[in-house]
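Residue-level listing of the chains:
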Amino acid sequence: MKKSILLFLLLMGSLFFQQCSSESNSTRVDNNQSEKNINTERQEYAIAIHGGAGTILKKNMTPEKEKAYFEKLEEALSVGEKILKAGGTAQDAVSETIMIMENSPLFNAGKGAVFTNEGKNEMDASFMEGKTMNAGAVGGLRVVKNPILAARAVMEKSDHVLLTGNGAETFSREQNLEIVDPQYFYTERRWESLQRAIKAEKVELSEDDDKDGDRKHGTVGCVALDKNGDLAAGTSTGGMTNKRYNRFGDVPIIGAGTYANNETCAVSCTGHGEYFIRWAVAHDISAMMEYKGVDLKTASESVINGKLVKVKGSGGAVCVDSYGNVSLPFNSAGMYRGFAKANGERGVFIYKE
Ligand code: ASP
(Lines give C-alpha, C1' and ligand atoms only; values in the text may rest on other atoms or scores of the structure.)
Protein backbone atom coordinates (compact mmCIF):
# COMPACT_ATOMS: atom_id res chain seq x y z
CA MET A 1 0.00 0.00 0.00
CA LYS A 2 2.77 2.41 1.08
CA LYS A 3 4.74 1.45 -2.02
CA SER A 4 1.87 2.35 -4.37
CA ILE A 5 1.42 5.77 -2.68
CA LEU A 6 5.14 6.42 -3.20
CA LEU A 7 4.90 5.38 -6.85
CA PHE A 8 1.86 7.61 -7.34
CA LEU A 9 3.71 10.58 -5.82
CA LEU A 10 6.76 9.96 -8.04
CA LEU A 11 4.53 9.82 -11.13
CA MET A 12 2.78 13.08 -10.23
CA GLY A 13 6.14 14.74 -9.53
CA SER A 14 7.59 13.77 -12.90
CA LEU A 15 4.42 14.94 -14.71
CA PHE A 16 4.70 18.30 -12.89
CA PHE A 17 8.33 18.81 -13.95
CA GLN A 18 7.55 17.88 -17.57
CA GLN A 19 4.77 20.44 -17.60
CA CYS A 20 7.09 23.18 -16.23
CA SER A 21 9.80 22.58 -18.76
CA SER A 22 7.42 22.45 -21.73
CA GLU A 23 5.93 25.77 -20.57
CA SER A 24 9.29 27.48 -20.56
CA ASN A 25 10.03 26.04 -24.00
CA SER A 26 6.77 27.26 -25.39
CA THR A 27 7.37 30.71 -23.89
CA ARG A 28 10.61 30.85 -25.81
CA VAL A 29 8.91 29.67 -29.01
CA ASP A 30 6.03 32.11 -28.58
CA ASN A 31 8.45 34.98 -28.05
CA ASN A 32 10.23 34.01 -31.21
CA GLN A 33 7.08 33.67 -33.23
CA SER A 34 5.55 36.87 -31.95
CA GLU A 35 8.29 38.99 -33.54
CA LYS A 36 8.67 38.89 -37.26
CA ASN A 37 12.35 39.80 -36.98
CA ILE A 38 13.17 36.85 -34.70
CA ASN A 39 14.55 33.84 -36.52
CA THR A 40 16.17 30.75 -35.18
CA GLU A 41 17.75 30.21 -38.57
CA ARG A 42 21.13 31.90 -38.43
CA GLN A 43 21.81 34.73 -40.87
CA GLU A 44 25.25 34.52 -42.49
CA TYR A 45 25.79 38.12 -41.43
CA ALA A 46 23.87 41.12 -40.14
CA ILE A 47 24.59 44.75 -39.35
CA ALA A 48 22.76 47.63 -37.66
CA ILE A 49 23.69 51.29 -37.24
CA HIS A 50 22.47 54.41 -35.45
CA GLY A 51 23.23 58.10 -35.82
CA GLY A 52 21.57 59.25 -32.61
CA ALA A 53 18.08 59.30 -31.06
CA GLY A 54 15.88 62.16 -29.85
CA THR A 55 13.04 64.48 -30.75
CA ILE A 56 13.44 63.98 -34.47
CA LEU A 57 10.11 64.94 -36.04
CA LYS A 58 9.22 64.97 -39.72
CA LYS A 59 7.55 68.36 -39.34
CA ASN A 60 10.90 69.87 -38.33
CA MET A 61 12.85 68.33 -41.22
CA THR A 62 13.52 70.00 -44.51
CA PRO A 63 13.51 67.65 -47.52
CA GLU A 64 17.20 68.48 -48.09
CA LYS A 65 18.19 67.64 -44.54
CA GLU A 66 16.18 64.42 -44.59
CA LYS A 67 17.80 63.41 -47.87
CA ALA A 68 21.28 64.15 -46.50
CA TYR A 69 20.67 61.91 -43.46
CA PHE A 70 19.16 59.07 -45.50
CA GLU A 71 22.05 59.17 -47.95
CA LYS A 72 24.73 59.18 -45.26
CA LEU A 73 23.06 56.36 -43.31
CA GLU A 74 22.71 54.35 -46.50
CA GLU A 75 26.37 54.96 -47.39
CA ALA A 76 27.58 53.91 -43.93
CA LEU A 77 25.37 50.81 -43.90
CA SER A 78 26.49 49.74 -47.37
CA VAL A 79 30.16 49.98 -46.43
CA GLY A 80 29.71 47.61 -43.48
CA GLU A 81 27.39 45.31 -45.42
CA LYS A 82 29.91 44.94 -48.23
CA ILE A 83 32.68 43.98 -45.79
CA LEU A 84 30.50 41.34 -44.14
CA LYS A 85 29.23 39.96 -47.44
CA ALA A 86 32.82 39.51 -48.63
CA GLY A 87 33.61 37.52 -45.48
CA GLY A 88 35.28 40.38 -43.58
CA THR A 89 35.23 40.60 -39.80
CA ALA A 90 32.55 42.19 -37.66
CA GLN A 91 35.30 44.41 -36.20
CA ASP A 92 36.21 45.81 -39.64
CA ALA A 93 32.56 46.33 -40.53
CA VAL A 94 31.97 48.25 -37.29
CA SER A 95 35.01 50.52 -37.53
CA GLU A 96 34.67 51.30 -41.26
CA THR A 97 30.96 52.02 -40.91
CA ILE A 98 31.45 54.30 -37.91
CA MET A 99 34.27 56.19 -39.67
CA ILE A 100 31.87 57.20 -42.44
CA MET A 101 29.58 58.78 -39.83
CA GLU A 102 32.49 60.31 -37.85
CA ASN A 103 33.72 62.00 -41.03
CA SER A 104 30.30 63.52 -41.69
CA PRO A 105 29.33 66.83 -40.01
CA LEU A 106 25.74 65.53 -39.70
CA PHE A 107 26.44 63.54 -36.54
CA ASN A 108 27.74 64.35 -33.06
CA ALA A 109 30.92 62.28 -33.49
CA GLY A 110 34.30 63.13 -35.06
CA LYS A 111 33.68 66.10 -37.39
CA GLY A 112 30.46 67.65 -36.16
CA ALA A 113 31.10 66.84 -32.47
CA VAL A 114 29.53 69.25 -29.98
CA PHE A 115 31.55 71.84 -28.03
CA THR A 116 32.48 71.83 -24.34
CA ASN A 117 31.93 74.86 -22.13
CA GLU A 118 35.52 75.91 -22.95
CA GLY A 119 34.72 75.86 -26.68
CA LYS A 120 36.62 72.63 -27.36
CA ASN A 121 35.61 69.30 -28.86
CA GLU A 122 36.20 66.32 -26.57
CA MET A 123 35.31 62.98 -28.05
CA ASP A 124 34.67 59.53 -26.56
CA ALA A 125 34.46 56.12 -28.25
CA SER A 126 34.35 52.43 -27.41
CA PHE A 127 34.71 49.05 -29.09
CA MET A 128 34.03 45.47 -28.03
CA GLU A 129 34.31 42.07 -29.68
CA GLY A 130 32.08 39.22 -28.63
CA LYS A 131 34.40 36.27 -29.17
CA THR A 132 37.16 37.25 -26.73
CA MET A 133 35.11 39.81 -24.73
CA ASN A 134 38.05 42.12 -25.34
CA ALA A 135 37.19 45.83 -25.26
CA GLY A 136 38.76 49.25 -25.68
CA ALA A 137 37.59 52.80 -25.01
CA VAL A 138 38.86 56.37 -25.11
CA GLY A 139 37.61 59.53 -23.44
CA GLY A 140 38.25 63.22 -24.00
CA LEU A 141 40.14 63.05 -27.32
CA ARG A 142 40.77 66.44 -28.97
CA VAL A 143 43.01 65.77 -31.96
CA VAL A 144 42.41 62.18 -33.12
CA LYS A 145 40.45 62.31 -36.38
CA ASN A 146 38.61 59.02 -35.84
CA PRO A 147 38.08 58.23 -32.15
CA ILE A 148 36.62 54.80 -33.04
CA LEU A 149 40.03 53.74 -34.37
CA ALA A 150 41.63 54.81 -31.10
CA ALA A 151 39.11 52.71 -29.15
CA ARG A 152 39.79 49.73 -31.39
CA ALA A 153 43.57 50.21 -30.98
CA VAL A 154 43.18 50.23 -27.17
CA MET A 155 41.31 46.93 -27.50
CA GLU A 156 43.77 45.30 -29.88
CA LYS A 157 47.12 46.85 -29.02
CA SER A 158 47.08 47.57 -25.29
CA ASP A 159 46.59 45.71 -22.03
CA HIS A 160 44.00 48.26 -20.99
CA VAL A 161 40.33 48.95 -21.56
CA LEU A 162 39.96 52.71 -21.02
CA LEU A 163 42.45 55.49 -21.78
CA THR A 164 41.61 59.17 -21.42
CA GLY A 165 42.87 62.67 -22.23
CA ASN A 166 46.54 63.29 -23.02
CA GLY A 167 47.48 59.66 -22.37
CA ALA A 168 44.91 58.43 -24.87
CA GLU A 169 46.27 60.90 -27.43
CA THR A 170 49.89 59.86 -26.83
CA PHE A 171 48.81 56.24 -27.33
CA SER A 172 46.93 57.19 -30.53
CA ARG A 173 50.04 58.93 -31.92
CA GLU A 174 52.12 55.86 -31.10
CA GLN A 175 49.61 53.78 -33.06
CA ASN A 176 50.07 56.15 -36.04
CA LEU A 177 46.44 57.18 -36.05
CA GLU A 178 45.60 60.30 -38.02
CA ILE A 179 46.03 63.45 -35.93
CA VAL A 180 44.29 66.69 -36.99
CA ASP A 181 44.26 70.30 -35.88
CA PRO A 182 41.38 70.77 -33.36
CA GLN A 183 39.95 73.27 -35.84
CA TYR A 184 39.05 70.31 -38.09
CA PHE A 185 36.15 69.47 -35.74
CA TYR A 186 34.65 72.98 -35.86
CA THR A 187 31.18 73.34 -37.35
CA GLU A 188 29.15 76.52 -37.29
CA ARG A 189 26.00 74.69 -36.22
CA ARG A 190 27.61 73.19 -33.08
CA TRP A 191 29.30 76.50 -32.22
CA GLU A 192 25.95 78.26 -32.29
CA SER A 193 24.47 75.52 -30.12
CA LEU A 194 27.19 76.16 -27.54
CA GLN A 195 26.53 79.91 -27.53
CA ARG A 196 22.82 79.26 -26.90
CA ALA A 197 23.57 76.70 -24.18
CA ILE A 198 25.98 79.09 -22.42
CA LYS A 199 23.39 81.84 -22.55
CA ALA A 200 20.74 79.54 -21.11
CA GLU A 201 23.27 78.15 -18.57
CA LYS A 202 22.34 74.64 -19.61
CA VAL A 203 24.33 71.48 -20.24
CA GLU A 204 22.63 69.99 -23.23
CA LEU A 205 22.35 66.64 -24.84
CA SER A 206 23.75 67.02 -28.31
CA GLU A 207 21.24 69.12 -30.22
CA ASP A 208 18.64 69.48 -27.52
CA ASP A 209 18.59 73.21 -28.13
CA ASP A 210 18.30 73.06 -31.90
CA LYS A 211 16.27 76.07 -32.88
CA ASP A 212 14.54 74.09 -35.60
CA GLY A 213 13.26 71.70 -32.95
CA ASP A 214 15.50 68.85 -34.06
CA ARG A 215 16.21 67.57 -30.57
CA LYS A 216 18.35 64.50 -30.64
CA HIS A 217 21.41 62.72 -29.39
CA GLY A 218 23.76 62.56 -32.37
CA THR A 219 26.06 59.79 -31.19
CA VAL A 220 26.88 57.13 -33.81
CA GLY A 221 27.15 53.38 -33.40
CA CYS A 222 27.28 50.05 -35.19
CA VAL A 223 26.82 46.38 -34.32
CA ALA A 224 27.65 43.45 -36.60
CA LEU A 225 27.60 39.66 -36.92
CA ASP A 226 30.10 38.21 -39.38
CA LYS A 227 30.23 34.93 -41.30
CA ASN A 228 32.42 33.36 -38.59
CA GLY A 229 29.61 33.93 -36.11
CA ASP A 230 31.50 36.69 -34.30
CA LEU A 231 29.81 39.79 -32.93
CA ALA A 232 31.27 43.29 -32.48
CA ALA A 233 29.96 46.66 -31.30
CA GLY A 234 31.28 50.22 -31.44
CA THR A 235 30.05 53.69 -30.44
CA SER A 236 31.47 57.20 -30.94
CA THR A 237 30.33 60.60 -29.64
CA GLY A 238 31.14 64.21 -28.90
CA GLY A 239 29.07 63.93 -25.70
CA MET A 240 26.97 66.86 -24.48
CA THR A 241 26.99 70.51 -25.55
CA ASN A 242 28.47 72.81 -22.88
CA LYS A 243 29.79 69.86 -20.84
CA ARG A 244 32.55 70.60 -18.31
CA TYR A 245 34.78 69.03 -15.69
CA ASN A 246 35.89 66.41 -18.25
CA ARG A 247 32.45 64.82 -18.11
CA PHE A 248 32.14 61.40 -19.77
CA GLY A 249 28.82 59.87 -20.69
CA ASP A 250 28.03 56.20 -21.30
CA VAL A 251 29.95 55.87 -24.54
CA PRO A 252 33.42 55.08 -23.14
CA ILE A 253 31.92 52.91 -20.38
CA ILE A 254 31.87 49.27 -21.49
CA GLY A 255 28.53 47.72 -20.50
CA ALA A 256 26.77 51.10 -20.53
CA GLY A 257 26.97 52.40 -24.12
CA THR A 258 28.58 49.40 -25.80
CA TYR A 259 28.68 45.64 -25.25
CA ALA A 260 29.29 42.45 -27.25
CA ASN A 261 29.19 38.79 -26.25
CA ASN A 262 29.08 35.98 -28.82
CA GLU A 263 26.80 34.01 -26.49
CA THR A 264 24.12 36.71 -26.59
CA CYS A 265 24.29 39.92 -28.62
CA ALA A 266 26.12 43.12 -29.58
CA VAL A 267 24.66 46.47 -28.47
CA SER A 268 25.44 50.15 -29.19
CA CYS A 269 23.44 52.86 -27.41
CA THR A 270 22.60 56.53 -27.81
CA GLY A 271 20.84 58.77 -25.33
CA HIS A 272 21.15 60.50 -21.99
CA GLY A 273 24.45 58.98 -20.93
CA GLU A 274 24.03 59.31 -17.18
CA TYR A 275 20.99 56.97 -17.32
CA PHE A 276 22.71 54.51 -19.61
CA ILE A 277 25.61 54.30 -17.14
CA ARG A 278 23.42 53.83 -14.07
CA TRP A 279 21.19 51.24 -15.73
CA ALA A 280 24.20 49.53 -17.39
CA VAL A 281 21.98 49.42 -20.46
CA ALA A 282 24.08 47.58 -23.05
CA HIS A 283 25.10 44.88 -20.58
CA ASP A 284 21.59 44.65 -19.17
CA ILE A 285 20.19 43.70 -22.58
CA SER A 286 22.80 40.96 -22.92
CA ALA A 287 22.28 39.81 -19.32
CA MET A 288 18.51 39.48 -19.82
CA MET A 289 19.16 37.14 -22.74
CA GLU A 290 21.77 35.19 -20.80
CA TYR A 291 20.02 34.89 -17.44
CA LYS A 292 16.35 34.97 -18.40
CA GLY A 293 16.66 33.17 -21.73
CA VAL A 294 14.52 35.76 -23.53
CA ASP A 295 15.02 36.74 -27.18
CA LEU A 296 16.81 39.90 -28.35
CA LYS A 297 13.66 41.87 -29.09
CA THR A 298 12.11 41.15 -25.69
CA ALA A 299 15.34 41.98 -23.84
CA SER A 300 16.12 45.22 -25.69
CA GLU A 301 12.52 46.53 -25.67
CA SER A 302 12.09 45.85 -21.97
CA VAL A 303 15.24 47.82 -21.14
CA ILE A 304 14.78 50.78 -23.53
CA ASN A 305 10.99 51.01 -23.52
CA GLY A 306 10.46 49.60 -20.03
CA LYS A 307 13.11 50.33 -17.41
CA LEU A 308 14.43 53.53 -19.03
CA VAL A 309 11.01 55.00 -19.77
CA LYS A 310 10.03 54.61 -16.09
CA VAL A 311 12.95 56.82 -15.06
CA LYS A 312 12.71 59.19 -18.05
CA GLY A 313 16.04 58.08 -19.49
CA SER A 314 15.68 59.00 -23.15
CA GLY A 315 17.47 57.25 -26.00
CA GLY A 316 17.75 54.03 -27.93
CA ALA A 317 20.00 51.18 -29.01
CA VAL A 318 20.86 49.04 -32.00
CA CYS A 319 21.33 45.34 -31.29
CA VAL A 320 22.13 42.17 -33.21
CA ASP A 321 22.20 38.66 -31.73
CA SER A 322 24.27 35.61 -32.61
CA TYR A 323 21.54 34.45 -35.07
CA GLY A 324 21.57 37.76 -36.91
CA ASN A 325 18.26 38.96 -35.47
CA VAL A 326 18.18 42.73 -35.30
CA SER A 327 16.41 45.01 -32.83
CA LEU A 328 16.40 48.83 -32.99
CA PRO A 329 14.40 50.06 -29.96
CA PHE A 330 14.12 53.73 -28.95
CA ASN A 331 11.89 55.68 -26.59
CA SER A 332 12.29 59.09 -28.24
CA ALA A 333 10.38 60.50 -31.22
CA GLY A 334 12.97 59.21 -33.67
CA MET A 335 16.35 57.59 -34.14
CA TYR A 336 18.58 57.71 -37.19
CA ARG A 337 19.03 54.01 -37.85
CA GLY A 338 19.42 51.22 -40.37
CA PHE A 339 20.01 47.50 -40.69
CA ALA A 340 20.91 44.90 -43.29
CA LYS A 341 20.86 41.10 -43.19
CA ALA A 342 22.31 38.41 -45.44
CA ASN A 343 18.79 37.39 -46.55
CA GLY A 344 18.37 40.77 -48.26
CA GLU A 345 16.21 42.46 -45.62
CA ARG A 346 17.46 46.01 -45.13
CA GLY A 347 16.37 49.57 -44.56
CA VAL A 348 17.23 52.99 -43.16
CA PHE A 349 14.76 54.92 -41.00
CA ILE A 350 14.50 58.17 -39.08
CA TYR A 351 11.06 58.48 -37.48
CA LYS A 352 8.78 56.05 -35.68
CA GLU A 353 7.42 53.91 -38.52
N1 ASP B 1 25.18 59.07 -24.92
C2 ASP B 1 25.91 60.28 -25.22
C3 ASP B 1 26.43 60.91 -23.96
O4 ASP B 1 25.72 60.95 -22.97
C5 ASP B 1 25.06 61.29 -25.92
C6 ASP B 1 24.38 60.83 -27.15
O7 ASP B 1 24.02 59.66 -27.29
O8 ASP B 1 24.22 61.67 -28.03
O9 ASP B 1 27.53 61.41 -23.97
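Scroll up to find the structure.
If you're wondering where the values come from, they're calculated on a predicted model, not measured in any experiment.

Describing the overall build of the protein chain
Along the backbone of the protein chain there are nine helices and 15 strands. Expressed as a percentage of its 353 residues, the buried residues of the protein chain come to 53%. Partitioning the intrachain contacts of the protein chain with sequence separation of at least 6 by distance along the chain shows that 70% fall at a separation of at least 24.

Considerations on unusual backbone geometry
Positioned with a positive phi, Y245 is a non-glycine residue whose angle comes to about 60 degrees. You can see Y245 is positioned in the loop between β9 (240–241) and β10 (258–260). You will see that N246, though not glycine, has its phi angle at about 55 degrees, which is positive. When you line up the elements, N246 lands in the loop between β9 and β10.

Some details on the sheet that holds strand β11 (residues 265–271)
Read across the open sheet, the four strands follow the order β10-β11-β12-β13; overall the sheet is antiparallel. In this open sheet, the two edge strands, each paired with only one partner strand, are β10 and β13 (326–327). Sheet topology places β11 next to strand β12 (residues 315–321); seven bridges connect them, and they run antiparallel. Bridge assignment links V267 to a residue of β12, and that residue is C319. Helix-sheet contacts for helix α8 (residues 281–292) involve β10, β11 and β12, and the interaxial angle to β11 is about 145 degrees. Contacts from helix α9 (residues 296–310) reach β11, β12 and β13 within the one sheet, and its direction differs from that of β12 by about 170 degrees.

Topic: α9
Taking 1.5 Å per residue, 15 residues should reach 21 Å; α9 reaches 20 Å between its end C-alpha atoms and fits that length. Helix geometry: α9 is bent most strongly at S302, by close to 30 degrees. Restricting attention to buried positions, one finds in α9 the residues L296, K297, T298, A299, S300, V303, I304 and L308. Remark: K312 follows α9 within two positions and exhibits a positive phi of approximately 60 degrees.

Points about the pairing of β11
Burial within β11 is extensive, with seven of its seven residues counted as buried. Both faces of β11 are covered, namely the face carrying C265, V267, C269 and G271 and the face carrying A266, S268 and T270. Relative to β11, β10 runs antiparallel, the two being bridged by three bridges. Bridging from a neighbouring strand, A260 pairs with A266 of β11.

A few points about the nonpolar core
Of all hydrophobic cores here, the largest spans 92 residues; its most connected members are I47, A224, A266, V267, C319 and V320. Excluding anything up to four places from it in sequence, C319 contacts A48, V223, C265, A266, V267, I285, L296, S300 and S327.

Details of the pairing of strand β3 (residues 135–141)
The element β3 is extensively covered by neighbouring structure, given that seven of its seven residues are classed as buried. The loop that links strand β2 (residues 123–129) with its antiparallel partner β3 comprises five residues; one of these, M133, has a positive phi angle of about 65 degrees. Sheet topology places β3 next to strand β4 (residues 162–164); three bridges connect them, and they run parallel. Of the residues in β4, the one forming a bridge with G139 is T164. A crossover connection joins β3 to the parallel β4 through helix α4 (residues 147–157); in handedness this β-α-β unit is left-handed.

Comments concerning the packing of helix α2 (residues 63–85) against helix α3 (residues 90–102)
Orientation of α2 relative to α3, taken along the N-to-C sense of each, is 160 degrees, at an axis distance of 8 Å. Considered as vectors, α2 and α3 are oriented roughly antiparallel to each other. As for how α2 packs across α3, the hand of that crossing is right-handed. Residues K72, E75, A76, L77, V79, G80, I83 and L84 of α2 form the contact with α3, whose participating residues are D92, A93, E96, T97, I100 and M101. When the residues that make up the contact of α2 with α3 are grouped by side-chain class, the tally is eight nonpolar, two polar and four charged.

Structural notes on the packing of α3 against α4
At a minimum axis separation of 8 Å, α3 and α4 run at an interaxial angle of 155 degrees. In this view, α3 runs roughly antiparallel relative to α4, as classed from their interaxial angle. When α3 is examined against α4, the residues Q91, S95, I98, M99 and E102 are found in contact with a partner set consisting of P147, I148, L149 and R152. Across the contact of α3 with α4, the residue classes tally to five nonpolar, two polar and two charged.

Topic: α2
Taking 1.5 Å of rise per residue, the 23 residues of α2 would be expected to cover 33 Å, and the 32 Å separating its terminal C-alpha atoms lies within 8% of that figure. Residues of α2 that are buried: Y69, K72, L73, A76, L77, V79, G80, E81, I83 and L84. In this fold, the buried residues of α2 make contact with β1 (46–55), α3, β7 (220–225), β14 (334–341) and β15 (346–351). G87, located one to two residues past α2, shows a positive phi value of around 90 degrees.

The rules we used
- Residues numbered from 1 in each chain as written.
- Predicted model: local features only at pLDDT ≥ 70, side-chain atom pairs only at ≥ 80, totals over all residues.
- Helix = DSSP H or I, 4+ residues; strand = E, 2+ residues; numbered from the N terminus.
- Buried ≥ 20, exposed ≤ 12 C-beta atoms within 10 Å, placed from the backbone.
- Contact = placed C-beta atoms within 7 Å.
- Pairing = 2+ DSSP bridges.
- Axes fitted to C-alpha atoms, helices over the stretch in contact; angles between N-to-C directions.
- Expected span 1.5 Å × (residues − 1).
- Bend = angle between axes of the 7 residues up to and from the residue.
- Core = buried A, V, L, I, M, F, W, Y, C linked by C-beta atoms within 7 Å.
- Right-handed = clockwise from strand over helix to strand, strands pointing away.
- Parallel < 35°, antiparallel > 145°, perpendicular 65-115°, else oblique.
- Left-handed = near helix turned anticlockwise from the far one by under 90°.
- Nonpolar A, V, L, I, M, F, W, Y, C, P; charged D, E, K, R; others polar.

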